[in-house]
Amino acid sequence: MKSTGKKSLLMDVPSWGLALLTMVLAFVVLMIVSDIIVIAFNISDDSTAAELTFYILYNLIIAAGCFFICRKDYKSVWYVPVLCNLLGIFSALAEPNFWISSLWIIICSGWIVSLAAAFAGSYLGKKNLTQNING
């Protein structure tokens, strides 16, 4: 029996492409949400609580992306977290004040959370695949 439903556009995109899309989406959401909240609530740009909130949202988007990408393709667990966190890695290497400020803790903990989410997604994807094969 053939399915007449449409296939999602993102189903054919390879894992590395989805990881880069996740990186761009998280960055765009970070920039847009931060601007909206700063303007709407008249928060100063140097507010640590606001920055903390924005980076936590950024990390959650990346972790969710890593989970779902690695669940779809469990072998991509080795490169998806790196590609998703590429902007954070570049900022850690290029920004001279990155390690001086306290935000490095939030960014690096986001890397750990995205790694954990990627491995969890990979585990569930592999488990689901073996269950489908076995019956």
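Just above sits the structure.
Cut-off values and rules
Residues numbered from 1 in each chain as written. Predicted model: local features only at pLDDT ≥ 70, side-chain atom pairs only at ≥ 80, totals over all residues. Heavy atoms only, no water. Helix = DSSP H or I, 4+ residues; strand = E, 2+ residues; numbered from the N terminus. Buried < 20%, exposed > 50% of the residue type's maximum accessible area, 1.4 Å probe, protein only. Core = buried A, V, L, I, M, F, W, Y, C linked by side-chain atoms within 4.5 Å. Contact = heavy atoms within 4.5 Å.

Chemist: It is not clear to me how the environment of Ser101 should be interpreted in this structure. Could you clarify?
Modeler: Inspection of the secondary structure assignment puts Ser101 in the loop between helix H4 (86-94) and helix H5 (103-134). Judged by relative accessible area, which is 30%, Ser101 ranks as partly exposed. With 21 residues separating them along the chain, Ser101 and Val80 place their C-alpha atoms 27 Å apart.

Chemist: For this particular structure, what's the right way to read the nonpolar core?
Modeler: Taken as a class, soluble globular proteins show a tendency for nonpolar side chains to be buried jointly. In terms of nonpolar packing, the biggest core is built from 17 residues, with Ile62, Cys66, Val80 and Cys84 touching the most fellow members. Those elements that place two or more of their residues in this core are helix H1 (15-40), helix H2 (48-72) and helix H3 (80-84). With eight residues, the single largest contributor to this core is H2. With residues near it in sequence (within four places) discarded, Cys84 still touches Ala19, Thr22, Met23, Ile62 and Cys66.

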